[in-house]
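Chains, contacts and geometry: an overview
What follows is the residue order along each chain.
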Amino acid sequence: MASVAGTTSLCMTSMSCSLKHTQGRISSVNSVSLPINGKSFPSLRSRSAPRFRVSCVAKPETVKKVCDIVKKQLALPEDSTVTGESKFAALGADSLDTVEIVMGLEEEFGISVEEESAQSILTVQDAAELIEKLMEKNA
């Protein structure tokens, strides 16, 4: 059994919750128990195949910058909506477009993205989180 503490974002399929100075217990990949304001709530359970990820949320300004770069690289109309949850494939990006997006991000943020890491980027949020991780590592 693992415990989670601190400011963390837990994502289970389409559900996410934010923990701030709260401790929760993970009894399996399929369930998470979280005490909130001293009250215990039943375990949250995943209905589909388990997909569990603990990550820190990128700064809004990083996400916005990535959104702008994605719009530019994909030549999307100015009024098109791109958010952190936007998937590159859903925006019409193929593998070559994704490589060009990563190259644009590397140039804009002064980072170098390894091929393995680049292949794990599926959404704008994934890209923003990777950028912040690499910038922190390089600092």
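One can find the structure itself at the top, above this paragraph.
Residues numbered from 1 in each chain as written. Predicted model: local features only at pLDDT ≥ 70, side-chain atom pairs only at ≥ 80, totals over all residues. Heavy atoms only, no water.

The next thing to look at is the overall build of the protein chain. On a plain count of helices and strands, the protein chain comes out with 4 helices and 9 strands. Walking the protein chain from its N terminus toward its C terminus, one meets helices and strands in the order β-β-β-β-β-β-β-β-β-α-α-α-α. Considering the protein chain as a whole, with its 139 residues, one finds that 38% of them fall into the buried category. Excluding contacts between residues fewer than 6 apart, the proportion of contacts in the protein chain whose partners are at least 24 apart in sequence is 49%. Accessible surface, the protein chain: about 9,400 Å² in total, of which carbon and sulfur atoms supply 52%. (Helix = DSSP H or I, 4+ residues; strand = E, 2+ residues; numbered from the N terminus. Buried < 20%, exposed > 50% of the residue type's maximum accessible area, 1.4 Å probe, protein only. Contact = heavy atoms within 4.5 Å. Areas by Shrake-Rupley, 256 points an atom, 1.4 Å probe, with all protein chains shown as cover.)

Moving on, we get to the environment of Gly110. Following the sequence through the fold, Gly110 ends up in the loop between α2 (95–109) and α3 (115–119). Gly110 gets classed as exposed once you look at its relative accessible area, which sits at 60%. Separated by 28 residues in the primary sequence, Gly110 and Asn138 place their C-alpha atoms 9.8 Å from one another.

Now for the pattern of salt bridges. In the structure shown here, the tally under the stated rule is 2 salt bridges. In this structure, Lys64 engages Asp68 in a salt bridge whose closest nitrogen and oxygen atoms are separated by 3.1 Å. Placement of both Lys64 and Asp68 in helix α1 (residues 60–73) is noted, with a separation of 4 residues, approximately one turn of the helix. Glu108 is the partner of Lys65 in a salt bridge, and the nearest nitrogen-oxygen pair spans 3.7 Å. Separated by 43 residues along the polypeptide, Lys65 in helix α1 and Glu108 in helix α2 bring together distant segments of the chain. Classification of Glu108 as partly exposed rests on a relative accessible area of 44%. (Salt bridge = Lys/Arg side-chain N within 4 Å of Asp/Glu carboxyl O.)

Further remarks concern α1. Over its 14 residues, α1 runs 20 Å from end to end, which matches the ideal 20 Å to within 8%, given 1.5 Å per residue. Close packing links the buried residues of α1 with α2 and α4 (124–138). Of the residues trailing α1, Ala75 is marked for its positive phi of about 50 degrees. (Expected span 1.5 Å × (residues − 1).)

Moving on, we come to the nonpolar core. If you look at the biggest cluster of nonpolar residues, it comprises 25 residues, and the most contacted ones within it are Val66, Val70, Phe88, Leu105, Phe109, Val113 and Val124. Residue assignment for this core shows that the elements contributing at least two residues are α1, α2 and α4. At 6 residues, the largest contribution of residues to this core is made by α4. (Core = buried A, V, L, I, M, F, W, Y, C linked by side-chain atoms within 4.5 Å.)

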